[in-house]
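Listed below, chain by chain, are the residues.
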Amino acid sequence: MIRYLFLAIFLIPFSLKAQLTAPSLKISWEIIENNHQGKSASLTAFTITNTDKKALPKSGWVMYFNFVRKVDTTLSADLKIRHINGDLFQLLPTANFQGLKPGASVQVNAVSEAWVVNFTDAPAGLYWVWDQQPEKAYSLTDYTITPSTQPRQYQRFAGDKMGLITPAMIFAQNKSIQDIPEKELPKILPSPQQYRETGVSFMVTPETKVFATGELKEEASFLNAQLSSMIGKPLASSTRKTDGAIVFRVDSSLSKEGYRLTVNEKGIEIAAADRPGAFYGVQSLLALLPPSSWGKTQTSLSVPGVEVSDLPRFGHRAIMLDIARNFHSKKQLLKLLDLMAFYKLNVLHLHFSDDEGWRLEIPSLPELTQVGAVRGHSNVPLKNLAPAYGSGPDINGAAGTGYYSRLEFVDILRYANARHIKVIPEIEAPGHARAAIKAMEARYNAKLTEGLKAEAEKYLLHDPTDRSVYRSVQMYNDNVINVAMPSVYRFLEKVTDDILGMYREAGAPIETIHYGGDEVPAGVWTNSPAVEKLRQQNPELKTSDDLWYYFYGKINDMVQKRGLFLYGWEEIGMRKTLLDGKSHVIPNPDFVGQDMQVDVWNNVLGWGAEDLAYRLANAGYKVVLSCVTHMYFDMSYYKSFDEPGYYWGAYIDVDKPFSFIPYDYFKNSKEDRLGNPLDRSIFNGKERLTDYGKQNIVGIQGLLWSETVNSPERMEYMMLPKLMGMAERAWAQSPAWAETNDEKAYQKAWSVFANQLGKRELPRLDSFAGGFAYRLPTAGAIVEGNQVQTNVQLPGLIVRYTTDGSEPTANSAVYSQPLPVSKLIKFKVFNGNGRSGRTVEVNP
């Protein structure tokens, strides 16, 4: 009898666990007020409704969610919000909570830092955990984000003049764009240095032959593969030049990466001094083809007759892709490389490590991907990283979990190299390094358990006895490598050497590795025994700033021994000092002349560092213009609740990168980071770029950070068509309007570019490389009298409408003239494939 009683008692908790399921809840979140109590704060609310037939218990559970705003106060006696780390929070019942009856609701108001404007600001990745089953998590999918119906609630502070974008505002922005017939548009983008259409054409058929000298045969093969996919049959290779052929010719008189393209009735010739130049000639030849040439098979291709002479303005034409915050697959990365190649971009800066993920296999340190590449719920410390940016509790989630194996990365390098794209990997350090820190902590604990103390400490990235207190911009308290520890440099040497081995295996060139340097918070290294020991050995290391210079001095020595130059974010080139007793930063003279290259992102208009890129270039640093004001593709297109992306640095539509003046971006800046008209007095006293400094501007970079980019579709939406504007500025020579700051000339050039996008480039991308989900703009609309007019940013796209209250479809009426406003009219912009943007409504 006693035996059976023991068995029954033993089974009770397990039977209880088996009965636990996901709660049936309907959850909504809304913005109540920005500028809460006149401060840089927002008041928002969760509303939780019990849709189950049984009551929600008063305790024994917790709800997790990610939120990019620090919650300061929970205004509820029943429930409270607690910060865990990074953007992970818990919502828990208090002792006052009495449960939630079926059909009942509870609202939880909270005050958080800064503002909330669009839906990607909202909490995400909600999931539920019962105390009795802490290892099991349940995703909460019945969740809605509710916009405020009061426009004033989007006012970020009392003086914020920029409201939500309206159809009338979009109409005014589009009003200067002229509709240009497609036959009058240049057919090559980015714009060649010299371009002339001759009026004749050449017909490519399966009988057309391709001739190339030995050193250009790979470029000829690339062209052959592209053309054969369109005409269904490979072109024949020829051993000699003949009429009616496509000829590749070496011309040593041409500049590096330059080319000359000639198309006439006798054939096609691509001349170049080097392989990259020939490759770019191939891209221009492909650009001449009708946009409909991709995605189908035809018997022949008509190539317009042209005479083109071309070379790039900048040698470094880059895209930075963040695959750490949210992962992007190898398939998607190869697709991006095809896109980059077509628009003559030649550098992929791969941000593969950060707080929320390590995405490259390092076989000698498997914990980096076993722990650092996996996000999801776990009650086992250091088993994996916690959910972030709404990735959810499932460790198999596509955005939170994933990495490139060594073999996959070698394949990526080979694919990029065939397209003359250099891949620059980024090992983020010393800040933004939590994934690596936690992975090496897991390794440390495992080796200690095995009794291998020396091996455990070999690659440790944190000081276990460190009691320093800090909080990073992304709200982490444990994401900075301790630069005083010798094991840190063993780790970086090991990872660097493993990466270099992958490049050797791929046969891909590598000149540099990016070693981060971004956003190390105040308070780090201030209470670390390891730091104190280092200072005893090096008395000159008096402050945390000195440790920064020490760290990058050692990294610089390491990379130079391996034949590389050091590359990092702008902070690696800066030194802190005092000016009139106040903190001041200057270009660090210690690293000038060390062949060091920096990405300068901080030119936020109104923050005070608008001239930082020019100061560094004038001081002798090689500078890649990575300006947040024009080149951060993760910035929202404009201020709208429905428009995804961040907006802390600017709002960025395709006109921002197109209008960028690399050597003087002060000249035509028109709005501040909030979208308000710019007070140009902020440029008073700022340093201008000298002729010497111009020699140190090595290129331009478009950047896509992935906090809000969790799918291929979102990546393409945020990146396109912005990438084309950036490619134009990186490749094409300085336009006349930029030299003179002539607004009329700019508007004319902008009209041409907008028509090129709408009538040639975007239609091509419907099929190119499998098709891209580029952003389709919303229609502009204005009511004058009793009629509504509408327009579109990119002529060639189609505006359709309905008057019966239904959503416009690809079969709805096409707008062609002003319409009477007697009832609700809905407008949508469509492409040629029937895909649409968002709806615009006009009421009588």
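In the block above lies the structure referred to throughout.
A few points on the structure. (Residues numbered from 1 in each chain as written. Predicted model: local features only at pLDDT ≥ 70, side-chain atom pairs only at ≥ 80, totals over all residues. Heavy atoms only, no water.)

## Focus on the overall build of the protein
Along the backbone of the protein there are 20 helices and 36 strands. Whereas a compact globule of 844 residues would reach a radius of gyration of roughly 28 Å, the protein reaches 29 Å, a difference of no more than 12%. Over its C-alpha atoms, taken along the principal directions, the protein stretches across nearly 100 × 75 × 70 Å. By residue count, 58% of the 844 residues in the protein fall in the buried class. The long-range fraction of contacts in the protein, counting pairs at least 24 apart against all pairs at least 6 apart in sequence, stands at 74%. Of the side-chain charges in the protein, 91 are positive and 91 negative, and the distance between the mean point of each set is 3 Å. (Helix = DSSP H or I, 4+ residues; strand = E, 2+ residues; numbered from the N terminus. Rg over C-alpha atoms; globule rule 2.2 N^0.38 Å. Buried < 20%, exposed > 50% of the residue type's maximum accessible area, 1.4 Å probe, protein only. Contact = heavy atoms within 4.5 Å. Lys, Arg positive; Asp, Glu negative; His and termini not counted. Charge placed at Lys NZ, Arg CZ, Asp CG, Glu CD.)

## Things to note about the nonpolar core
Within the largest apolar cluster, 210 residues are counted, with the highest numbers of intra-cluster contacts made by Phe248, Trp358, Phe491 and Phe827. Here the element with the most residues in this core is helix α10 (residues 486-506); it accounts for 10 residues. Formed by 33 residues, the second largest nonpolar core is a distinct cluster that contains Trp128, Tyr138, Tyr143 and Phe641. (Core = buried A, V, L, I, M, F, W, Y, C linked by side-chain atoms within 4.5 Å.)

## Here's the deal with helix α7 (residues 406-418)
Along its 13 residues, α7 runs 19 Å from first to last C-alpha, staying within 8% of the 18 Å computed at 1.5 Å per residue. When α7 is considered as a whole, its buried residues turn out to be Phe409, Val410, Ile412, Leu413 and Ala416. Relative to the axis of α7, the buried residues are bounded by an arc of 160° and lie together on one face. Residues of α7 that are buried in the fold lie against α5 (330-342), β19 (347-351), β22 (422-426) and α10. His420 lies just past α7 and shows a positive phi near 60°. (Expected span 1.5 Å × (residues − 1). Arc of directions from axis to C-beta.)

## Structural notes on the side chain of Thr208
Looking at the element boundaries, Thr208 is found in the loop between β11 (194-204) and β12 (209-212). On the basis of relative accessibility, which here comes to 4%, the residue Thr208 falls in the buried class. A distance of 2.9 Å separates a polar atom in the side chain of Thr208 from the backbone nitrogen of Thr205. Apart from the residues lying within four places of it in its own chain, the contact partners of Thr208 are Phe202, Met203, Leu235, Ala236, Gly244, Ala245 and Ile246. (Polar contact = N/O pair within 3.5 Å; in protein donor to acceptor, adjacent residues only side chain to side chain.)

## A look at the environment of Lys447
Here Lys447 shows up in helix α8 (residues 434-449). Once residues lying within four places of it in the same chain are set aside, the contact partners of Lys447 are Leu452, Glu455 and Ala456.

## Some words on the packing of aromatic side chains
Summed over all chains, the structure comprises 46 aromatic pairs. Aromatic side chains Trp607 and Trp648 sit 5.9 Å apart centroid to centroid with 20° between the ring planes, which places their arrangement in the stacked category. Here Trp607 is found in the loop between β27 (597-600) and α13 (612-619), whereas its partner Trp648 is found in the loop between α14 (628-631) and α15 (655-659), with 41 residues between them in sequence. Here the aromatic cluster, defined as three or more aromatic residues joined through ring pairs, consists of Trp569, Trp601, Trp607, Tyr632, Trp648 and Trp705. One Lys or Arg, Arg419, reaches over the ring of Tyr415 and ends 3.5 Å from the middle of that ring. (Phe/Tyr/Trp six-rings, centres within 6.5 Å; stacked < 30°, edge-to-face > 60°. Lys NZ or Arg CZ within 6 Å of the ring centre and 35° of its normal.)

## Digging into the environment of Ala225
Inspection of the secondary structure assignment puts Ala225 in helix α3 (residues 217-231). By relative accessible area, Ala225 is classed as partly exposed at 44%. Taking the C-alpha atoms as reference points, Ala225 and Gln150, separated by 75 residues in sequence, lie 56 Å from one another.

## Focus on the pairing of strand β28 (residues 622-625)
Put simply, side chains in a regular strand alternate between the two faces of the sheet. Neither face of β28 is open: one carries Lys622 and Val624, the other Val623 and Leu625, and all of them are buried. Pairing of β27 with β28 involves four bridges; the strand directions are parallel. Residue pairing in the sheet places Val600 in a bridge with Leu625 of β28. The parallel pair β27 and β28 is bridged by α13, and the resulting crossover is right-handed. Pairing between β28 and strand β29 (residues 697-704): three bridges, direction parallel. Counted as the bridge partner of Val623 is Ile697 from β29. (Pairing = 2+ DSSP bridges. Right-handed = clockwise from strand over helix to strand, strands pointing away.)

## Focus on the sheet that holds strand β32 (residues 798-802)
Strand order across the open sheet formed by four strands is β33-β32-β35-β36, with antiparallel pairing between neighbours. At either end of the open sheet lies a strand with only one pairing partner, and these are β33 (813-814) and β36 (840-842). As defined by bridge partners, β32 adjoins β33 across two bridges and the pair is classed as antiparallel. Across the sheet, Tyr801 pairs through a bridge with Ala813, a residue of β33.

## Some points on the sheet that holds strand β7 (residues 105-113)
The strand order β4-β7-β2-β1-β10 describes an open sheet built from five strands, whose pairing is mixed. Strands with a single pairing partner mark the edges of an open sheet, and in this sheet they are β4 (71-75) and β10 (143-146). Taking the axes of each pair of neighbouring strands and ignoring which way they run, one obtains an average angle of 20° across the sheet. Relative to strand β2 (residues 41-50), strand β1 (residues 25-34) runs antiparallel, the two being bridged by nine bridges. Paired with Lys26 across the bridge in β2 is Thr49. (Axes fitted to C-alpha atoms, helices over the stretch in contact; angles between N-to-C directions.)

## Some remarks on the pairing of strand β30 (residues 780-784)
Direction of pairing for β30 relative to strand β31 (residues 787-791): antiparallel, over a ladder of five bridges. Following the sheet pairing, Val783 is matched in β31 by Val788. Hairpin connection between β30 and β31: a loop of two residues separates the two successive antiparallel strands, and Gly785 in this loop has a positive phi of roughly 65°.

## Details of the pattern of salt bridges
Side-chain pairing between opposite charges can occur once the charged atoms of the two side chains come close. Using the criterion set out here, one finds 46 salt bridges in the structure. Measuring nitrogen to oxygen at the nearest pair gives 2.8 Å for the salt bridge that ties Asp478 to Arg434. Here Asp478, found in the loop between α9 (453-457) and α10, pairs with Arg434, found in helix α8; they are 44 residues apart in sequence, far enough to count as distant. One network of salt bridges, in which partners are shared, links Asp322, Arg325, Asp354, Glu356 and Glu707. (Salt bridge = Lys/Arg side-chain N within 4 Å of Asp/Glu carboxyl O.)

## What about the packing of α7 against α10?
Two numbers describe how α7 lies on α10: the axes approach to 9 Å, and their chain directions differ by 55°. In terms of orientation, α7 lies oblique with respect to α10. Between α7 and α10 lies a crossing of right-handed hand. When α7 is examined against α10, the residues Arg406, Leu407, Phe409, Val410, Leu413 and Arg414 are found in contact with a partner set consisting of Met502, Tyr503, Glu505 and Ala506. Here the contact of α7 with α10 is built from residues that sort into seven nonpolar, no polar and three charged. (Parallel < 35°, antiparallel > 145°, perpendicular 65-115°, else oblique. Left-handed = near helix turned anticlockwise from the far one by under 90°. Nonpolar A, V, L, I, M, F, W, Y, C, P; charged D, E, K, R; others polar.)

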